[in-house]
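Observations on chain architecture
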Amino acid sequence: MRWFLTALLTLLAACSSSPRVEYTPSDFQTSLDAVNQARAGARTCSYQGASTAYSAAPALRWNGLLGEVARQRAEHIQQTGQFSHQEGSSSTFAAADRSQRSGYRYQELRENLAQGYNTAEDAVSAWLSSTSGHCDAIMAPHLTEMGMVKRGDYWVLVVARPQ
């Protein structure tokens, strides 16, 4: 009986723990380089009529957990066509939910979505020209890690500062 209870508790613990699945695509360096090249120079980002001047920001590091979050988000968008920062009927930020489930703990997390760009450089360039906060997500100097994935016609960039 004691063996059975121990086995049951072990099984339950395994089912409830975070999977901590990481993803690093073979071409991750291209995405990392495109974002870091953008951060290497000073620029002004516009958001809702306001402008913020940024100095060059430190390079981001690739994080496989954020890569997995970006992969899941891109695949969800590709499969459902739901090009949004929310999933389904939820009003919560989908990347934040997926990050928590993947085991990534953050102080701040931001997500950029793009559609219709062939290269990482083209997607990053579009985000830098955006007036919807995408440029700010790339240039924020306190964010230190990223994951970025393309699935089909969709790009997802997740940038964060870990806890």
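Residues numbered from 1 in each chain as written. Predicted model: local features only at pLDDT ≥ 70, side-chain atom pairs only at ≥ 80, totals over all residues. Heavy atoms only, no water.

1. Some thoughts on the overall build of the protein chain
Across its full length, the protein chain holds six helices and six strands. Reading the helices (α) and strands (β) of the protein chain from amino to carboxyl end gives α-α-β-β-β-α-α-β-α-α-β-β. Among the 163 residues that make up the protein chain, the fraction classed as buried is 42%. Residue pairs in contact within the protein chain that sit at least 24 positions apart in sequence constitute 69% of those at least 6 positions apart. With the model as given, the accessible surface of the protein chain reaches about 8600 Å², and the carbon-plus-sulfur share is 51%. (Helix = DSSP H or I, 4+ residues; strand = E, 2+ residues; numbered from the N terminus. Buried < 20%, exposed > 50% of the residue type's maximum accessible area, 1.4 Å probe, protein only. Contact = heavy atoms within 4.5 Å. Areas by Shrake-Rupley, 256 points an atom, 1.4 Å probe, with all protein chains shown as cover.)

2. Concerning helix H2 (residues 28-39)
Taking 1.5 Å as the rise per residue, H2 with 12 residues should run 16 Å; its terminal C-alpha atoms sit 17 Å apart, in good agreement. Those residues of H2 that fall on the buried side of the exposure criterion are Ser31, Leu32, Ala34, Val35, Asn36, Ala38 and Arg39. Buried residues along H2 sit against strand E1 (43-47), strand E3 (61-62), helix H5 (120-129), helix H6 (134-139), strand E5 (145-151) and strand E6 (154-162). (Expected span 1.5 Å × (residues − 1).)

3. A few points about the sheet that holds strand E4 (residues 106-115)
As summarised here, the arrangement of the four strands in space is E3-E5-E6-E4, forming an open sheet in which the pairing is mixed. The outermost strands of the open sheet, each flanked by one partner alone, are E3 and E4. Both E3 and E5 contribute to a ladder of two bridges, which runs parallel. Pairing of Arg61 across the sheet is with Glu145, part of E5. (Pairing = 2+ DSSP bridges.)

4. A short note on the state of the cysteines
Following the criterion strictly, the structure yields one disulfide and no others. There is a disulfide in this structure between Cys45 and Cys135, and the S-S distance comes to 1.9 Å. Taking the torsion about the S-S bond as the criterion, the Cys45 to Cys135 disulfide, at about -55°, is left-handed. One end of the pair, Cys45, is in strand E1; the other, Cys135, is in helix H6, and 90 residues separate them in sequence. The burial state of Cys45 is the same as that of Cys135; both residues are buried. (Disulfide = S-S within 2.5 Å.)

5. Examining the nonpolar core
In terms of nonpolar packing, the biggest core is built from 24 residues, with Val35, Val124, Trp127, Ile138, Met146, Met148 and Leu157 touching the most fellow members. For this core, the elements supplying multiple residues, two or more each, are H2, H5, H6, E5 and E6. Discounting chain neighbours no more than four positions away, the residues touching Met146 are Ser31, Leu32, Val35, Leu60, Arg61, Trp62, Asn63, Leu66, Leu157, Val158 and Val159. Formed by 17 residues, the second largest nonpolar core is a distinct cluster that contains Ala74, Ala95, Val158 and Ala160. (Core = buried A, V, L, I, M, F, W, Y, C linked by side-chain atoms within 4.5 Å.)

6. A few points about the pattern of salt bridges
Under the criterion given, the structure shown has six salt bridges. Here Arg71 ties to Glu68 by a salt bridge, and the two come within 2.6 Å at their closest N and O atoms. Remark: Glu68 and Arg71 occur in helix H3 (residues 64-80); sequence separation between them is three residues, near one turn of the helix. For the pair shown, Arg71 and Glu68 are each scored as buried. Between Glu75 and Arg71 there is a salt bridge, with its nearest N and O atoms 2.6 Å apart. Residue Glu75 and its partner Arg71 are both found in helix H3; the two are separated by four residues, about one turn of the helix. Assessed through its relative accessible area of 23%, Glu75 is described here as partly exposed. Put simply, Glu68, Arg71, Glu75 and Arg151 are held in one network by salt bridges that share partners. (Salt bridge = Lys/Arg side-chain N within 4 Å of Asp/Glu carboxyl O.)

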